[in-house]
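# What the coordinates show
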Amino acid sequence: MRFVSTRGQAPAVSLPQAIAAGLAADGGLYMPQHLPVLNLRHFRDVQTPPAVTARLLEPFFADLPLQAALQDICNEALQQPLPLRTMDTPGDYLLELFHGPTLAFKDIGARFLAASLARLRPPAGALQTILVATSGDTGAAVAAAFYKVPGFRVVILYPQGRIAPRQAHQLGAFGENVLALCVEGSFDDCQRMVKSALQNAGPDRPLSSANSISLGRLLPQMGYYAWAALQHQREYQRLLSFVIPTGNLGNALACVLARQMGLPIGKIVLATNANDVLPRFFAGGSYVPQTSQPTLANAMDVGAPSNFERLRWLYGDDMLLRRGLSAYAVSDAVIREVIKASATHTAPPPCPHTATALQVLSQLRKQGDTRDYAVVATAHAAKFAEVIEPLVGHAIDTPSPLQQLLSRPTESEPMIAQDTALQQRLLRLAAH
Ligand SMILES: *Cc1c(COP(=O)(O)O)cnc(C)c1O
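Everything quoted here is computed from the prediction, not taken from an experiment.

### Structural notes on the site of the ligand
Taken together, 15 residues are adjacent to the ligand, and K106, D137, G247, N248 and T378 come closest. Take D137: an N or O atom from its side chain is 2.6 Å from an oxygen atom of the ligand. Within the backbone of N248, an N or O atom sits 2.8 Å from an oxygen atom of the ligand. Looking at the shell around the ligand residue by residue, the class counts come to six nonpolar, seven polar and two charged.

Here is the structure:
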């Protein structure tokens, strides 16, 4: 299987090349040249999330040396529990993706990327630096996935004052091969600095990105959708539809790919925060990237979703694309209401991201939609305790992986928002 650029001006590459490169040479994003369609019999003998994921991803790894390691890579990436819980209303489910080391779904993609890159690295190769700009959860997931992995170093850039205090603490608490840089600027500044460092890196300075455009993060995310939909199909012989909290569209795109490959997935509905570029587009408007505005669901504060280019490429036509998906925006005021209302439930309250999807599902129910829907729970409430505890009026138990990080000292280096500042810091790091 070859991987092609969405812009069509770069040569097709193999999967390891696509994973290592991040962005294609023409500035586009890599996509599989074609999507194999698998029937349900193909999955008859696989039951667990790692086994389903390995079976699903086999065609992408065919004829590669990495193929022999695919099952092990999936075992490492999808080791966390992935409960598909029933909610109060029949037909409403919650797919919990937050039981990994940093309590957000990004752990799965980050671990898959780390497990793949560790096996692709030549035994005596140079130290590889993984650069990542984060508006919240990505940095911690990538740091945890590469923490103490021999041959790798992680450099995280985050915007000062724009991420939750616990998230900032988490990023600086790893130490060892993880360096946290606190940038005096916006998330967009962080992303620009990473991009410029990647473009200016010589062959003697192996740098790769772990941002949400990475295929190594996108592919494994198809696995939990496949697993949940197959489980539902086996039990009820019905399709499972999904409502997905969406920012850069990486999580939702994985669901779209799984559906295109023949998995029993019904509707795919995107929930955004007040950054409503996608809802405007899917309601029939044109696609107009905006500057992002800060909201309570900060990991979704995206004004120009990077994976939209992949989605457009996949459908080839905006009218078809609008038929394939829908999207709704949820304001901070409503996010607060949803979290408050959950205080009467027995389960832990939703995080602000998950709250957007819960709200969209209740809107769909009011419109008379009776399909079976799973709301995708992307993070644990404890990551956003400062927001949630005052709303629900009680403390939230902090799961032990987060507790451990929060009890460690934290250290990050301030950096001005200039491309050269990062480049100079990387040179100093390489000289060590
Ligand atoms: C990253 C993130 C999202 C958005 O996911 P995308 O793949 O960028 O659309 C939603 N919720 C949480 C908790 C996240 O960390």
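### Quick notes on helix 8 (residues 215-236)
Across its 22 residues, helix 8 extends 32 Å between first and last C-alpha, which sits within 8% of the 32 Å expected from 1.5 Å per residue. Counting buried positions along helix 8 gives 18 out of 22 residues, so the element sits mostly inside the fold. One or two residues past the end of helix 8 sits Q237, with phi positive at roughly 55°.

### Focus on the state of the cysteines
Here is the idea: a disulfide is a covalent bond, and it sits between the sulfur atoms of two cysteines. A complete count under the given rule lists zero disulfides for this structure. Among the cysteines around C182, which has no disulfide bond, C190 carries the closest sulfur, lying 8.6 Å off. Residue C182 is classed as buried on the basis of its relative accessible area, which comes to 11%.

### With respect to the sheet that holds strand 13 (residues 413-416)
What links the strands of a sheet is backbone hydrogen bonding, and the strands pair in either a parallel or an antiparallel sense. Strand order in the open sheet made by the five strands is 8-5-6-7-13, with parallel pairing throughout. Across the chains shown, the open sheet's two edge strands, defined by having one partner strand only, are strand 8 (207-209) and strand 13. Direction aside, the axes of adjacent strands within the sheet are offset by 30° on average. Across three bridges, the pairing between strand 5 (residues 128-133) and strand 8 is parallel.

### With respect to the pairing of strand 6 (residues 152-159)
Of all the eight residues making up strand 6, eight are buried; the element is thus mostly covered by neighbouring parts of the structure. Of the two faces of strand 6, both are covered, the one formed by F152, V154, I156 and Y158 as well as the one formed by R153, V155, L157 and P159. Pairing geometry for strand 5 and strand 6, over six bridges, is parallel. Counted as the bridge partner of A133 is L157 from strand 6. Handedness of the crossover joining strand 5 and strand 6 through helix 5 (residues 137-146) is recorded here as right-handed.

### Here's the deal with helix 5
In terms of burial, helix 5 is a largely internal element, nine of the ten residues being buried. In this structure, the buried side of helix 5 is in contact with helix 4 (106-120), strand 5, strand 6, helix 6 (165-172), strand 7 (178-184) and helix 8. Positive backbone phi, at 60°, marks K148, one or two positions downstream of helix 5.

### Side note on the pattern of salt bridges
Scanning the entire structure with this criterion turns up 14 salt bridges. With a closest N to O distance of 2.7 Å, R365 and D92 form a salt bridge. On the criterion of sequence distance, the pair formed by R365 in helix 14 (residues 352-366) and D92 in strand 4 (residues 92-96) is long-range, its members being 273 residues apart. Residues R238 and D372 are paired through a salt bridge, measuring 2.7 Å at the closest nitrogen-oxygen approach. Of this pair, R238 sits in the loop between helix 8 and strand 9 (240-245) while D372 is found in the loop between helix 14 and strand 12 (373-377), placing the two residues 134 residues apart along the sequence. D372 gets classed as buried once you look at its relative accessible area, which sits at 8%. Salt bridges sharing common partners tie together D45, R55 and E58.

### Things to note about the environment of D419
Checked against the element boundaries, D419 lands in helix 17 (residues 419-431). On a C-alpha basis, the gap between D419 and S196 in space is 6.5 Å, while along the polypeptide they are 223 residues apart. With residues near it in sequence (within four places) discarded, D419 still touches R192, M193 and S196. At 3.4 Å, the side chain of D419 forms a polar contact with the side chain of S196.

### Quick notes on the packing of helix 4 against helix 8
Their axes nearest at 8 Å, the elements helix 4 and helix 8 cross at an angle of 125°. The orientation of helix 4 relative to helix 8 falls into the category oblique. With respect to the hand of their crossing, helix 4 and helix 8 are arranged in right-handed fashion. Contact residues: K106, I108, G109, A110, F112 and L113 in helix 4; G216, R217, P220 and Y224 in helix 8. Within the contact of helix 4 with helix 8, the residues separate by chemical class into six nonpolar, two polar and two charged.

About the cut-offs
Residues numbered from 1 in each chain as written. Predicted model: local features only at pLDDT ≥ 70, side-chain atom pairs only at ≥ 80, totals over all residues. Heavy atoms only, no water. Near = heavy atom within 4 Å. Polar contact = N/O pair within 3.5 Å; in protein donor to acceptor, adjacent residues only side chain to side chain. Nonpolar A, V, L, I, M, F, W, Y, C, P; charged D, E, K, R; others polar. Helix = DSSP H or I, 4+ residues; strand = E, 2+ residues; numbered from the N terminus. Expected span 1.5 Å × (residues − 1). Buried < 20%, exposed > 50% of the residue type's maximum accessible area, 1.4 Å probe, protein only. Disulfide = S-S within 2.5 Å. Pairing = 2+ DSSP bridges. Axes fitted to C-alpha atoms, helices over the stretch in contact; angles between N-to-C directions. Right-handed = clockwise from strand over helix to strand, strands pointing away. Contact = heavy atoms within 4.5 Å. Salt bridge = Lys/Arg side-chain N within 4 Å of Asp/Glu carboxyl O. Parallel < 35°, antiparallel > 145°, perpendicular 65-115°, else oblique. Left-handed = near helix turned anticlockwise from the far one by under 90°.

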